[in-house]
Each structure stands twice: as structure tokens, then as C-alpha cells.
Amino acid sequence: MSARRGYPSDLTDAQWSLIEPLLPEPNTDGRREKHPRREIVNAILYVVRSGCPWRYLPADLPPWQTVYWYFTRWEEAGVTEKLLTTLRIKARVQQGRQPEPSAGIIDSQSVKGADTVGRDSRGYDAGKKINGRKRFIITDTLGLLVTVTVLAASWQDRDGAKTALLSAYMVTPIRHVFADQGFAGRLVDWTRDTLRTTLEIVRKPADQRGFAVHPRRWVVERTLAWLTACRRLARDYERQPAVSAALIRWAAIAGMTRRITHGQPARRQARRTFTWT
């Protein structure tokens, strides 16, 4: 069989070399796996980047049933968390930072839920006027994803953030977190008393008019923009919030591999303008 034509979401050789050693050993009783693992990962990233349903995977990628089987088994084994942690450390060291972050930034994002999102895990965000789910993410000060939590959009920021903050506390030495005004109030006291962590509210200047880049906060907002560039994440299509969180981690993993191999954050192609004469 001839080699298939590559897709833009495919891993390069350098990117695959970062991921391959971190995948679990095959458990096939000595039998060779039918499909190369690199193609399995490429298929997962194709779904994340293109936004297609699993059943719509191109015929030259492994069967969707096989890809989804690996996706769920690896998630049960905690593979995406391991990949995320290891790649984040590599990216930080490459940028001359300490391997583990001591400070982070938290933010939330409400996204519309498709009809596949059940009533038991969706809600209405009255502030954003969105019916769907809300993502809480914490990044380090480079914008690299640390943890993600997906809840119904009806959750208030100050309540939903507790799970994300607790996760960051458990897996990293982060003890100072920057946040916007939506996280002010009782959450600041809870974070200090329960997690021994400082939650610093970055408020916008009183005289601000229009858009302005805020110190610290722009980093996590840029990460959310990177994530939603993946069409599967532009809306929430998943029946289970855990699957949504897994796909967000895969998107972040793809971004980190590009960042490590390129030596800098990925940049979007410049917008072209045409003049008609």
C-alpha cells in the first residue's frame, strides 16, 4: 500500500519523537499492532483540528472505531496528563525557565453546546447569553496549559474555579494565580485558606476605554484563542465533559510539540488583503 497523502494536522518526525516515548507499552500478547500508533495520534489530531465527527475520519486514516478505542483507553490511563506535563517542562526549559511553574493564570470560556450535549451537563450563562458548557483553564506564565475543567455554563466563575485551582495545587508547585474580576470575592479567601495559594485579581484601570491588553491576563486569553482555533473546540459536541477536557488537552499537546520543535509559539498566517482594479 502506498503512503497516504499527509494532512496539515499530521505530526512531523520531530514532533512524533516527543510523543512516542510517552505512550504506554502495547498490550497485545506479543502480536503486532495492526495500525501504527503515529497514525492513531494523527487521526485524533485530525478530529481536533478539523472538527469532523469520529465517523467522518478519512478512509486513509485508521478506522474510526480503532482510533476512538485508543483515545478512550489512553484517557483512562492518564496519557494526556502525562504528555501535557512532560511537554510543558520541555517547553519551559527551552525558554530558559524553571521546569515547574510557581505562578499561573486562570480564566473561563463559555461555548455553545451542540444537541449532543446532554441536559445534565449543560447550562445557561446569563452573562454571555450562551447555552452550553464552560471551560476553566489554568496556564503558566508562558501560556502553556496546566489543567482544564469542563462544567455546565451555568456555573459561576468563583464556584467552578475551585476544581481547576485544586487540580493545579495537586500537580504543580503553583502558589500564586492571577485572575480577572469575575473570580473576586469569596474565592480569594477560599484559595488562601484551603490551598495556601494567593489568588491575585488583576483589575482593569478605572479610566480604560475600549480594548486594552492587561498584564498577565492576556497570556491565558491568548491560549483560549489558540485552543478555539481547533474547530472541534469552537463548540462543545461531546456527551461527557471528560471527553471535552481530553480533546482540549490534545489540542494543547499539539501546540506544545509545535512550540518545542519550532523554538517559539506558533504564529497564524498573516491575513492578506486584495485590491480590485
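Residues numbered from 1 in each chain as written. Predicted model: local features only at pLDDT ≥ 70, side-chain atom pairs only at ≥ 80, totals over all residues. Heavy atoms only, no water.

- As annotated in an unreviewed UniProt entry, the protein chain carries the name Transposase and comes from Micromonospora echinospora.

Focus: the pattern of salt bridges
- Within this structure, the stated rule accounts for 12 salt bridges.
- With a closest N to O distance of 2.8 Å, arginine 38 and aspartate 13 form a salt bridge. Of this pair, arginine 38 sits in helix α2 (residues 37-50) while aspartate 13 sits in helix α1 (residues 13-19), and the two are 25 residues apart along the sequence.
- Judged by relative accessible area, which is 58%, aspartate 13 ranks as exposed.
- A salt bridge links arginine 192 to aspartate 189, with the shortest nitrogen-to-oxygen separation between them at 3.2 Å. One end of the pair, arginine 192, and the other, aspartate 189, are both in helix α6 (residues 186-195), 3 residues apart, so they sit about a helical turn from each other. (Salt bridge = Lys/Arg side-chain N within 4 Å of Asp/Glu carboxyl O. Helix = DSSP H or I, 4+ residues; strand = E, 2+ residues; numbered from the N terminus. Buried < 20%, exposed > 50% of the residue type's maximum accessible area, 1.4 Å probe, protein only.)

Overview of the packing of aromatic side chains
- One pass over the structure, following the stated rule, counts 7 aromatic pairs.
- Between tryptophan 74 and tryptophan 250 the ring centres are 6.5 Å apart and the planes differ by 40 degrees, which places this aromatic pair in the tilted class. Note that tryptophan 74 is positioned in helix α3 (residues 64-76) and tryptophan 250 in helix α9 (residues 241-262), a separation of 176 residues in sequence.
- Among the aromatic side chains, those forming a connected cluster through ring pairs are Trp69, Tyr70, Trp74 and Trp250. (Phe/Tyr/Trp six-rings, centres within 6.5 Å; stacked < 30°, edge-to-face > 60°.)

Examining helix α4 (residues 79-94)
- When the terminal C-alpha atoms of α4 are compared, their 22 Å separation across 16 residues agrees well with the 22 Å that a helix rising 1.5 Å per residue should span.
- Taken together, the buried positions of α4 are Val79, Thr80, Leu83, Leu84, Leu87, Arg88, Ala91 and Arg92.
- Where α4 is buried, its residues touch α1, α3, β3 (130-140), β4 (145-152) and α9.
- Within two residues after α4, glycine 96 carries a phi angle of roughly 80 degrees, on the positive side. (Expected span 1.5 Å × (residues − 1). Contact = heavy atoms within 4.5 Å.)

Some remarks on the environment of lysine 162
- Tracing the backbone through its elements, the reader meets lysine 162 in helix α5 (residues 157-171).
- Between the alpha carbons of lysine 162 and threonine 149 there is a distance of 9.6 Å; along the sequence they are 13 residues apart.

Things to note about α6
- Every buried residue belonging to α6 is among Leu187, Thr191 and Leu195, and all of these are buried. End-on view of α6: buried residues confined to an arc of 40 degrees, all on one side of the axis.
- Taken together, the buried residues of α6 touch α5 and β6 (198-201).
- Looking one or two places after α6, you find arginine 196, whose phi comes out positive at around 50 degrees. (Arc of directions from axis to C-beta.)

A closer look at the pairing of β4
- With respect to burial, β4 is a largely interior element, 8 of its 8 residues being buried.
- Across 7 bridges, the pairing between β3 and β4 is antiparallel. Looking at β4, one finds that arginine 135 is bridged to valine 150.
- From the end of β3 to the start of β4, which pair antiparallel, there are 4 residues, and glycine 143 there has a positive phi angle of about 90 degrees. (Pairing = 2+ DSSP bridges.)

Section: a nonpolar patch on the surface
- Together, Leu166, Met170 and Val171 give the surface a local cluster of nonpolar side chains, amounting to about 310 Å² of exposed area.
- Mapping leucine 166 onto the fold places it in helix α5.
- Given the relative accessible area of 40%, leucine 166 is considered partly exposed. (Patch = residues over 30% accessible without salt bridge, like charges linked within 9 Å, V, L, I, M, F, W, Y side chains within 5 Å. Areas by Shrake-Rupley, 256 points an atom, 1.4 Å probe, with all protein chains shown as cover.)

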